[in-house]
Amino acid sequence: MKVTGVPAIAGAYLFEPTPYADERGFFCRTFDADVLRSVGLDPNAFVQHSLSRSVRGVLRGLHLRSGAGEAKLVRCSYGRVFDVVVDLRQDSPTYRGRAFFELSGDTQASVYVPAGCAHGFQALTGTADVSYRIDRPHDPAEDVTIAFDDPELAIPWPLPATSMSERDRKAPSLAEALSQEER
């Protein structure tokens, strides 16, 4: 498994497995505790595993957690997604940095999103399954959402947003979300 640091987001990593392919399909390891330890991550920190299924054009995000935040290991297990990470840690050397990835079921690559970073994605295929390993139990009271189309972030979403949750549709701007966090 190849591990690459993400220059735009301090502490973020891209994990690219090496699939073994033959006439049956492929096999690959998508999670390896030793590989996580090699970059200073605790594989035992993940306490929850979740899965979302989306159809083409669905946009989810931008989401993060208040308080201690939430680190995630995100992978598209089926289909393809345009994945976005935004560094919102004020003490980070990459504060407000943005990173974009195309994650797909073909590559099974995973992105490690550090706590304090916003995350979102858009489904690029008819069906896209995204799995998340999360380091804290979910608490809806800590959910923070930022407008996907905030001009300050200028995220180049590849498709028109065909569907999103009511919460995402009504999300505040980055400036509004950050000012709410400071209160």
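Residues numbered from 1 in each chain as written. Predicted model: local features only at pLDDT ≥ 70, side-chain atom pairs only at ≥ 80, totals over all residues. Heavy atoms only, no water.

**Some points on the packing of aromatic side chains**
Next up, step 1: A complete count under the given rule lists five aromatic pairs for this structure.
Next up, step 2: A centroid spacing of 6.4 Å and a plane angle of 80 degrees characterise the contact between F31 and F46, whose relative ring orientation is edge-to-face. Taken together, the residues F31 in the loop between β4 (25-27) and α1 (33-38) and F46 in the loop between α1 and β5 (48-54) connect sequence positions 15 residues apart.
Next up, step 3: Judged by centre distance (5.7 Å) and plane angle (70 degrees), the rings of F82 and W157 are edge-to-face. Highlighted residues: F82 in strand β8 (residues 80-87) and W157 in the loop between β13 (143-145) and α2 (166-169), separated in sequence by 75 residues. No difference in accessibility class separates F82 from W157, as the two residues are buried.
Next up, step 4: Taken together, the aromatic side chains of F82, F100, F148 and W157 make up a single cluster linked through ring pairs. (Phe/Tyr/Trp six-rings, centres within 6.5 Å; stacked < 30°, edge-to-face > 60°. Helix = DSSP H or I, 4+ residues; strand = E, 2+ residues; numbered from the N terminus. Buried < 20%, exposed > 50% of the residue type's maximum accessible area, 1.4 Å probe, protein only.)

**Concerning the pairing of strand β6 (residues 59-65)**
Next up, step 1: Across the seven residues that make up β6, a large majority, five, are buried.
Next up, step 2: Here β6 runs beside strand β11 (residues 117-123); their pairing, made up of three bridges, is antiparallel. From the neighbouring strand, L59 faces β11, where its bridge partner is Q122.
Next up, step 3: Bridging between β6 and β13 involves three bridges; their strand directions are antiparallel. Each residue of the ladder has a partner; that of L64, found in β13, is V144. (Pairing = 2+ DSSP bridges.)

**Observations regarding the pattern of salt bridges**
Next up, step 1: Throughout the structure, instances matching the rule amount to 15 salt bridges.
Next up, step 2: For the salt bridge of D22 with R24, the shortest nitrogen-to-oxygen distance reads 2.6 Å.
Next up, step 3: Look at D22 and you get partly exposed, because its relative accessible area is 23%.
Next up, step 4: The class for R24 is exposed, based on a relative accessible area of 70%.
Next up, step 5: For K72, the salt bridge is made with E70, and the minimal N-O distance between the two is 4.0 Å.
Next up, step 6: Given a relative accessible area of 9%, E70 falls into the buried group.
Next up, step 7: Each of R65, E70, K72, R136 and E142 takes part in a single network of salt bridges with overlapping partners. (Salt bridge = Lys/Arg side-chain N within 4 Å of Asp/Glu carboxyl O.)

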